[in-house]
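Close look at the chain arrangement
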Amino acid sequence: MAREVQVTFDCADPAALAAFWAEALGYVVQPPPEEFGTWEAAFDAWGVPPEERDSRSAIIDPEGKGPRIYIQRVPEGKTAKNRVHLDVRAAPGLKGDERMAALSAEAERLKALGATEMYRFEANAVDEGMIAMQDPEGNEFCLD
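Report on the accompanying structure. What you are looking at is a predicted structure, and each value in this text was computed from that prediction instead of being measured. (Residues numbered from 1 in each chain as written. Predicted model: local features only at pLDDT ≥ 70, side-chain atom pairs only at ≥ 80, totals over all residues. Heavy atoms only, no water.)

**Quick word on the overall build of the protein chain**
Quick reminder of the rule: Numbering of helices and strands starts at the N terminus; helices are DSSP runs of H or I of at least 4 residues and strands are runs of E of at least 2. To be clear on the numbers: accessible area is Shrake-Rupley with a 1.4 Å probe, and residue cover counts the displayed protein chains and nothing else.
Helix and strand counts for the protein chain stand at 3 helices and 8 strands. Taken from N to C terminus, the helices and strands of the protein chain fall in the order β-α-β-α-β-β-β-α-β-β-β. Counting only C-alpha atoms and orienting by the principal axes, one finds that the protein chain spans roughly 60 × 35 × 35 Å. Here the protein chain displays about 8,900 Å² of accessible surface, and carbon together with sulfur accounts for 53% of that area.

Spelled out as structure tokens, the structure:
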């Protein structure tokens, strides 16, 4: 039986990282439960202390196709390369120069949102080409 998957990011600033990934993936910040008009109203009803209200966030695919992404504050910073990372499919089906142009355009868009480019592999006879990036908190991901 297949299982539903949620991707979780540890970070220092959940709201900022949620905003980045929502924009990067075309997701939206998960709205509060229907019985609450705002997250503040939900937190009040649940008795969540003010100092914990910005400790987590989640983003969702508005079409319901992609996994939920949960973003949680942790006390420690990132210290090593991710063992698992996301590949953001920014140029599916494209080849050669057209593919690299699409990946480069997406890299520029994401850099304007706070990402950094680490390195790139240009398209050649063996590889289709990709760009390795980091989100604003240094989590690695690839534009594929």
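**Comments concerning the nonpolar core**
Threshold: The definition of a nonpolar core used throughout is a set of buried Ala, Val, Leu, Ile, Met, Phe, Trp, Tyr and Cys residues joined through side-chain atoms within 4.5 Å. Between buried and exposed lies partly exposed: a residue is buried under 20% and exposed over 50% of the maximum accessible area for its type, with that area taken using a 1.4 Å probe on protein chains only. Contact between two residues is taken to exist if any of their heavy atoms lie within 4.5 Å; hydrogens are not considered.
Counting residues in hydrophobic clusters, the biggest one holds 23 residues, and the most contacted among them are Trp-21, Leu-110, Met-133, Phe-141 and Leu-143. Elements represented by at least two residues in this core include exactly strand 1 (6–11), helix 1 (14–25), strand 4 (68–73), helix 3 (96–112), strand 7 (130–134) and strand 8 (140–143). Residue contributions to this core peak at 6 residues, all from helix 1. Contacts of Met-133, omitting those with residues within four sequence positions, involve Ala-107, Leu-110, Lys-111, Ala-115, Thr-116, Glu-117, Met-118, Asn-139, Glu-140, Phe-141 and Leu-143.

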